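Given next are the chains, with one letter for each unit.
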Amino acid sequence: MPKLLDAIDAASVRIGQLAAWLGLGMVGAAVTVTLGAKVGALFGAPLRFVALDELQWYLFSATFLFAAPWALKEGAHVRVDVVQSRLGPRGRAWIDLIGGVVLLLPFALFAVYVTWPTAMESLRLREASPDAGGLARWPLKLAVPFAFGLLFLQGLSTTLRAGAVALGRAAADEATAGEAR
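S.K.: What is the right way to look at the packing of aromatic side chains in this model?
M.R.: Centre distance and the angle of the planes are the two values used to describe a pair of aromatic rings. Applying the stated rule across the entire model yields three aromatic pairs. Relative to Y58, the ring of W57 lies with its centre 4.7 Å away and its plane at 70°, an arrangement referred to as edge-to-face. Under the relative-accessibility criterion, W57 is labelled partly exposed at 38%. Y58 sits in the buried class, given a relative accessible area of 9%. Across from the ring centre of W138, 5.2 Å away, lies the NZ or CZ of R126, which sits over that ring.

Right, here's the structure in full:
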């Protein structure tokens, strides 16, 4: 089981790091769209780049969706630090265990369940932007259930590791190796 959890953790890190690089494309698209509007306005006709405008928010969405499992793995997600800071490693592990079982895992599964039919319908229709010159919409819609599936897997890894610490079966440093705390 530890090898499977290590593989999930490694995949979350790799995918998250790749997602972080999408931010450069997002900035490039934003700069191009902004410059096009400003330069075009100087000549009385602002240039509009529909595909780049849509690409900017596609990249933002993909960055957020695919970096979330990495943030969870690294412990960089939102926590109730007022409570957590007063607890020892086992107490924090109990919060992570209960939060994972009660909130994170059910939410991630629900998100996959709810978004999958929409993504499949969008793929079947090869849904595209209603704006002339826009991008296909189905790749982004398909990314949503996959990203929540990855979040579920990372949540499972994190919750199982927290459970091992909470139950005294592993030391906190073993269960959170590589995690930023």
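S.K.: How should the nonpolar core be read in this particular structure?
M.R.: Judged by nonpolar contacts, A19, A62, L65, F66, A67, L72, A111, A143, A147, F148 and L151 together constitute the single largest core of eleven residues. The set of elements that each furnish at least two residues to this core consists of α2 (50-74) and α5 (138-166). A total of five residues in this core trace back to one element, the largest contributor, which is α2.

S.K.: Would you mind showing me how to read the pattern of salt bridges here?
M.R.: Pairing of side chains with opposite charge becomes possible as their charged atoms draw close. Summed over the entire model, instances satisfying the criterion amount to six salt bridges. A salt bridge links R161 to D6; the nearest nitrogen and oxygen atoms lie 2.6 Å apart. Taken together, the residues span a long stretch of sequence, with R161 in helix α5 and D6 in helix α1 (residues 2-42) at a distance of 155 residues. Since its relative accessible area comes to 14%, R161 is described here as buried. Residue classification places D6 among the partly exposed positions, given a relative accessible area of 42%. Across the pair D9 and R161 runs a salt bridge whose closest N-O atoms are separated by 3.0 Å. A residue pair is termed long-range when its members are at least 10 positions apart, and D9 in helix α1 and R161 in helix α5 qualify at 152 residues. Through salt bridges with shared partners, a single network forms among D6, D9 and R161.

S.K.: Would you take a moment to explain the environment of A166 for this structure?
M.R.: Note on placement: A166 falls in helix α5. The class of A166 is buried, set by a relative accessible area of 0%. Along the primary structure A166 and A37 are separated by 129 residues, whereas in three dimensions their C-alpha atoms are 56 Å apart. If sequence neighbours within four positions are ignored, A166 has contacts with R90, A93, W94 and L97.

S.K.: How should the packing of α1 against α2 be read in this particular structure?
M.R.: Contact geometry of α1 with α2 gives a least axis separation of 7 Å together with a crossing angle of 155°. With respect to α2, the element α1 is oriented roughly antiparallel. The handedness of the crossing between α1 and α2 is left-handed. Residue classes in the contact of α1 with α2 are distributed as 17 nonpolar, eight polar and four charged.

S.K.: Looking at this structure, how should I read the packing of α2 against α5?
M.R.: The angle between the axes and the distance between the axes are what describe a pair of packed helices. The geometry of α2 relative to α5 is characterised by a closest axis approach of 8 Å and an angle of 10° between their N-to-C directions. Compared by their axis directions, α2 and α5 come out roughly parallel. Contact residues: W57, Y58, S61, L65, F66, A68, P69, L72 and K73 in α2; L140, A143, V144, F146, A147, F148, L150, L151, Q154, G155 and T158 in α5. Here the residues of the contact of α2 with α5 sort into 15 nonpolar, four polar and one charged.

The rules behind these values
- Residues numbered from 1 in each chain as written.
- Predicted model: local features only at pLDDT ≥ 70, side-chain atom pairs only at ≥ 80, totals over all residues.
- Heavy atoms only, no water.
- Phe/Tyr/Trp six-rings, centres within 6.5 Å; stacked < 30°, edge-to-face > 60°.
- Buried < 20%, exposed > 50% of the residue type's maximum accessible area, 1.4 Å probe, protein only.
- Lys NZ or Arg CZ within 6 Å of the ring centre and 35° of its normal.
- Core = buried A, V, L, I, M, F, W, Y, C linked by side-chain atoms within 4.5 Å.
- Helix = DSSP H or I, 4+ residues; strand = E, 2+ residues; numbered from the N terminus.
- Salt bridge = Lys/Arg side-chain N within 4 Å of Asp/Glu carboxyl O.
- Contact = heavy atoms within 4.5 Å.
- Axes fitted to C-alpha atoms, helices over the stretch in contact; angles between N-to-C directions.
- Parallel < 35°, antiparallel > 145°, perpendicular 65-115°, else oblique.
- Left-handed = near helix turned anticlockwise from the far one by under 90°.
- Nonpolar A, V, L, I, M, F, W, Y, C, P; charged D, E, K, R; others polar.

Limitation: the analysis is restricted to geometry and does not speak to function.
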